[in-house]
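# Structural description and commentary
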Amino acid sequence: MTDTTTRTPQPGDILPFTATEATLANGLKVIVVPTGFPNLVSLQIPVQTGSRNEVEEGKSGFAHFFEHMMFRGTKRFPADEYQAVITRTGARQNAYTTDDYTNYHITFAKEDLETILDLEADRFMNLEYSEAAFKTESRAVLGEYNKSNAEPLNKLIEVQRDTAFAAHPYKHTTMGFLRDIEDMPNQFEYSRTFFERWYRPEYTTVIVAGDVDPAATIALVERLWGAWSLPEKTAPLDIPQEPPAEGPETAHVPWPTETLPWVTVAFHGPAFSDIEKDHAALDTALDLLFGETSDLYQRLVEREQKVDQLFPYMPSNQDPELATIMARVKSADDAVYVRDLILTTVAEARTKPVDARRLADAKSHNRYAFARAFDNSESIAGTLARFVRYDRDYGTLNRLFRVYDALAPEDLQAASRKYLTDGNMVVTTLAHGELATATTAAPRLADLEGSTSTTAEGAAPRFLVQESESSLLRLKLLFTAGSAHDPAGKEGLARLAASMITEAGSQRQRIDEINRALFPLAAGMGAQVDREMTTFTGVAHTDTLERFIDIVMPQLLDPGFREDDFARLKEHQRNALVQDLRANNEEELGKERLQQLVFEGTPYGHPTLGSVSGIETITLDDVKAFIAEHYTTANLTVGLSGAFPAGFEERMSGMLGTLGGFPSGDRSTPSGHGGPRLLDGMRVEIIEKETRSTAISLGHPTEVTRTHPDFPALWLARAYLGEHRASVGRLYNRIRELRGMNYGDYAYVEAFPRGMYQFQPDPNLARRAQIFEVWIRPVPPEQAVFALKLALFELQKLIDEGISEDDFEATLEYLSKNVFVMTKTQDQQLGYALDQEWYGLPEYTGWMREGLAKLTREKVNDAVHRHFSATDLQVVMITKDAAGLREELLAEGDTTMTYDSPKPDEVLAEDAVVGSRRLGVTARDVVVTPVESVFG
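Helix and strand counts for the chain stand at 33 helices and 23 strands. Its C-alpha atoms give the chain a radius of gyration of 28 Å, near enough to 30 Å, the size a compact globule of 936 residues would have. Considering only C-alpha atoms, the chain reaches an extent of 80 × 75 × 60 Å along its principal axes. For the chain, the proportion of its 936 residues judged to be buried stands at 63%. Within the structure as shown, the chain displays about 33700 Å² of accessible surface, and the carbon and sulfur contribution to it stands at 49%.

Right, here's the structure in full:
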């Protein structure tokens, strides 16, 4: 029997939706939310198991492991058939694991609701995998660990938690201990125990949000999921509770390569609660003390410029967790100074209540910030999943916001006194080598209490308006100028100019004053710079529009241009290039270096961040000149989305008319941009860098942009090879799934910067020249040459044999529906509309679906044959033993693969063919570059 309840919004609720909840006889919880957004449905399935549940010695990492294994299939839907259904429906799906829960999510067209529910029910009830598949996947998990720990902050958090916790499973991260991951291939039998223990209906919630009928949906779930039953569960394993802390504790991570130091100060804090004040109070206190509107942020980041990142991090965990303040310091000499200022601020929080107005602003910010998340069904369902997972209750988030709304300054002070203590403290640092010995012994908080912490008018711009009923308003100012307009020797100027608009204040207000004014509005304006576009995006609620415009428009119309802001942002940009990209991120480094080499000699031939030497030469006068030349009404298109008030377009036109303009109305274009330069043969650059694995990117320029008639055909070929971060595709299937070599393998026919951090590309990256690229995520060094050969083998096979009729039809069906998923958010819809206007093309979804509908298998194969090459291309590989890799590439010998478990004969036969492939490179074709020289 199903118990059903309907919840309607009540005064004070943060959730504006009517939801229907049901509990099936087997214990499964179902929550259905009609969102009012048409055509799409988002399904989220949070399971109450995470690394918190890994309580047995030597068995960490299994919650995250099953996030992977759940895509291995069943008897009814083996992995390839599962992916085929996903492809046919045009859906996008993935999963993530946290300390407390694992969430599976998928977004799709509403007509496929029954198909998707049936598919997901089958894998939850009937997951099946062999020992060989288990071993293969365990190696992919090890590859993910290697990738993750190439980033300093991830390693610091791992050490911090290991130091802070003695008994609770929060001692390890969701990835698990390395020793356990390395032993995971030997834990096949235990894996089944873990799955049967935690993947049960009484721990699972099915959330369906979108264009749905609640009663029909619940009936459908009951029909498809009602048979899920398991043997009666045994007594649950006790999760060890952490004894009272007896700190302070300290730990240091010596990083093997050059990187900026990190200083973190953490405290054992409270568990999440939606009815008690402690968690909400401490979370709010830390944000006000260390967030972007805080006095300490203004002092360390903007005035003294000793720190380039400062932020608090307090997860909302089931059990007591760490509340951390994190600071990235520009000089190791300032580490103690920064730590002690953090501790001084903490000490003050214990003795001095926060300002009541700032607390009111924080409450306002929280409400408006959440409202911004409710602009599409996927975001709504994803937000619910984060909170429903505690007690499988739709009301959790509404109760939580009532707790936040009821907070008073004395509540924040009480929480600070209770949790921010010497005994609860954990100080963790990271640096290249050791830090000053003073970092090993933090001062007592009691000793710090009471100390002190802290133009002429131009032509009217073009407008593109998307009217809707949404109270969330989005404003985009797109200037047709980007890094391709950087003068020679001043690479990075376009990026720095945009930063001086959004992060350096106006003549009327400094940036700290602007951030504080915007905080209660939960509004803001950010910038994105690409090769030929700079886009400023502002977001505000209709209730706050007037205040928002009054605050942010002077940043563009009357910039502050202060020398201290310029020095801070210039150094921040250099650190982003040298530290974040070059030193700490092999995958993005490889992709950006590939772009640079492919477009060498053209205005696209450097990253938007610039070059080290270029950034150093830029002056504030250069920034002013760039803005005066390029931020003009002739170069500007204004995009508006949402229920803007009547007359707003005319008002904006008048305000923006104070920008400069060209009498002819012509847009600026970069000079010297030649056509694609196809290589004659293969070129390989090996970047030598201290790293556990080898990252690979390869590709070549192409003349096919969206204006080219072959673009839809190559768009389909790209999806067939492997769409970005999707668990489907030929490359993904052959390299990752079949052989377990890495975490994923994807192809692109449009540039996709920042791909490591997101699943879909940002809009406003339109270009007049494009790149065909294959991204092979890091593999073990001993498999690097084979991985390269395998990718080239598959690419050559596509060029020679083409895509099959079945694969063509499946990919075409997927893309025809997925185009709606690509444009599901307000930002994407407005951004793609501006891109289409730049290209001179019609509305994106209709244009793309029309182009896809005209395709045939023959047209796709012909376009691939004419535009793709598996021999004339640039390769970038990043590895530790560059000399050894170069020698292996030049040796042109047969390359072999070894596996942890037996592989079918046909796989081994294909391995022999792949391994015998000759790359055809000579000594002059393979160069080694020290990582310190890249982007110099």
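Our focus in this paragraph is the sheet that holds strand β8 (residues 249–254). Strands sit in the order β8-β12-β9-β11-β10 across an open sheet of five strands; the sheet is mixed. Since the sheet does not close on itself, it has two edges, and those belong to β8 and β10 (307–313), each with one partner. Taking each pair of neighbouring strands and ignoring which way they run, the sheet shows an average axis angle of 10°. Relative to strand β11 (residues 322–329), β10 runs antiparallel, the two being bridged by six bridges. Residue pairing across strands places Leu-310 opposite Ala-327, the latter belonging to β11. Contacts from helix α9 (residues 278–290) reach β10 and β11 within the one sheet, and its direction differs from that of β10 by about 165°.

Our next topic: helix α33 (residues 905–915). Burial in α33 covers these residues: Val-907, Glu-910, Asp-911, Val-914 and Gly-915. Buried residues of α33 fall within an arc of 130° about the axis and therefore sit on the same side. Residues of α33 that are exposed and angled more than 90 degrees away from the buried face: Asp-905 and Glu-906. Packing partners of the buried residues in α33 comprise α26 (730–737) and α27 (784–801).

A word on the packing of aromatic side chains. The relation between two aromatic rings is expressed through the spacing of the ring centres and the mutual angle of the planes. All chains considered together, the criterion is met by 45 aromatic pairs. When the centroid spacing of 6.2 Å and the interplanar angle of 65° are considered together, the rings of Phe-66 and Tyr-129 count as edge-to-face. Taken as a pair, Phe-66 in helix α1 (residues 62–69) and Tyr-129 in the loop between α3 (113–126) and α4 (131–148) lie far apart in primary sequence, 63 residues in all. No difference in accessibility class separates Phe-66 from Tyr-129, as the two residues are buried. Ring centres of Tyr-832 and Tyr-844 lie 4.5 Å apart, and the angle between their planes is 35°; on these two criteria the pair is classed as tilted. With Tyr-832 in helix α29 (residues 826–839) and Tyr-844 in helix α30 (residues 844–853), this residue pair connects regions lying 12 residues apart in the sequence. For Tyr-832, a relative accessible area of 4% gives the class buried.

If the charged atoms of two oppositely charged side chains come close together, the side chains can form a pair. All told, the structure shown has 65 salt bridges when counted by the stated rule. Arg-72 is the partner of Glu-137 in a salt bridge, and the nearest nitrogen-oxygen pair spans 2.9 Å. Here Glu-137 is found in helix α4, whereas its partner Arg-72 is found in the loop between α1 and α2 (79–89), with 65 residues between them in sequence. By relative accessible area, which is 14% here, Arg-72 ends up buried. Note that Glu-81 is salt-bridged to Arg-88, the shortest N-O span being 3.4 Å. Residue classification places Glu-81 among the partly exposed positions, given a relative accessible area of 29%. One network of salt bridges, with partners in common, ties together Arg-7, Glu-21, Lys-29, Asp-274, Asp-393 and Arg-399.

We now examine the packing of α9 against helix α15 (residues 409–419). Running from amino to carboxyl end, α9 crosses α15 at an angle of 95°, the nearest separation of the two axes being 8 Å. If you check the angle between α9 and α15, you find them roughly perpendicular. Together, Asp-278, Ala-281, Leu-282, Thr-284, Ala-285 and Leu-288 of α9 and Asp-411, Leu-412, Ala-415, Ser-416, Lys-418 and Tyr-419 of α15 make up the contact between the two elements. By residue class, the composition of the contact of α9 with α15 is seven nonpolar, two polar and three charged.

By the element assignment, Gln-44 lies in strand β4 (residues 40–47). There is a polar contact of 3.4 Å between the side chain of Gln-44 and the side chain of Ser-42. Leave out the neighbours within four places in its chain, and Gln-44 touches Asn-103, Tyr-104, His-105, Thr-205, Val-206, Ile-207, Glu-378, Ala-381, Gly-382 and Ala-385.

Once that is clear, we can look at the side chain of Thr-537. Within the secondary structure, Thr-537 is located in strand β16 (residues 534–541). One polar contact links Thr-537 to Lys-476, side chain to side chain, over a distance of 3.0 Å.

So, about the environment of Ala-109. Note that Ala-109 resides in strand β6 (residues 102–109). A residue is classified by how much of its surface remains accessible, and Ala-109, at 12% relative accessible area, is buried. Residues Ala-109 and Thr-89 lie 20 residues apart in sequence; the distance between their C-alpha atoms is 7.3 Å. Beyond its immediate chain neighbours, meaning those up to four positions away, Ala-109 contacts Asn-39 and Leu-40.

Right, let's get into the environment of Asn-584. Position of Asn-584 among the secondary structure elements: in the loop between α20 (563–583) and α21 (586–598). Linking Asn-584 and Thr-691, residues 107 residues apart in sequence, is a C-alpha distance of 9.6 Å. Setting aside residues up to four positions removed in sequence, Asn-584 forms contacts with Ala-150, Glu-151, Pro-152, Trp-255, Thr-259, Arg-328, Gln-579 and Lys-689. Of note is the side chain of Asn-584, whose polar atom sits 3.4 Å from the side chain of Thr-259.

This paragraph deals with helix α17 (residues 493–502). Given 3.6 residues per turn, any residue in an α-helix points the same way as the ones three and four places further on. Burial analysis of α17 places nine of its 10 residues in the buried class, the great majority of the element. Taken together, the buried positions of α17 are Leu-493, Ala-494, Leu-496, Ala-497, Ala-498, Ser-499, Met-500, Ile-501 and Thr-502. Contacts made by the buried residues of α17 are with α18 (511–518), β15 (524–529), β16, α19 (545–557), α20 and α23 (620–630).

With that settled, consider unusual backbone geometry. For the peptide bond that leads from Gly-247 to Pro-248, omega is 5°, which places it in the cis range. Within the fold, Pro-248 resides in the loop between α8 (214–225) and β8. For Arg-725, which is not glycine, the phi dihedral falls at a positive 55°. Structurally, Arg-725 can be placed in the loop between α25 (711–722) and α26.

Quick notes on the rules
- Residues numbered from 1 in each chain as written.
- Predicted model: local features only at pLDDT ≥ 70, side-chain atom pairs only at ≥ 80, totals over all residues.
- Heavy atoms only, no water.
- Helix = DSSP H or I, 4+ residues; strand = E, 2+ residues; numbered from the N terminus.
- Rg over C-alpha atoms; globule rule 2.2 N^0.38 Å.
- Buried < 20%, exposed > 50% of the residue type's maximum accessible area, 1.4 Å probe, protein only.
- Areas by Shrake-Rupley, 256 points an atom, 1.4 Å probe, with all protein chains shown as cover.
- Pairing = 2+ DSSP bridges.
- Axes fitted to C-alpha atoms, helices over the stretch in contact; angles between N-to-C directions.
- Contact = heavy atoms within 4.5 Å.
- Arc of directions from axis to C-beta.
- Phe/Tyr/Trp six-rings, centres within 6.5 Å; stacked < 30°, edge-to-face > 60°.
- Salt bridge = Lys/Arg side-chain N within 4 Å of Asp/Glu carboxyl O.
- Parallel < 35°, antiparallel > 145°, perpendicular 65-115°, else oblique.
- Nonpolar A, V, L, I, M, F, W, Y, C, P; charged D, E, K, R; others polar.
- Polar contact = N/O pair within 3.5 Å; in protein donor to acceptor, adjacent residues only side chain to side chain.

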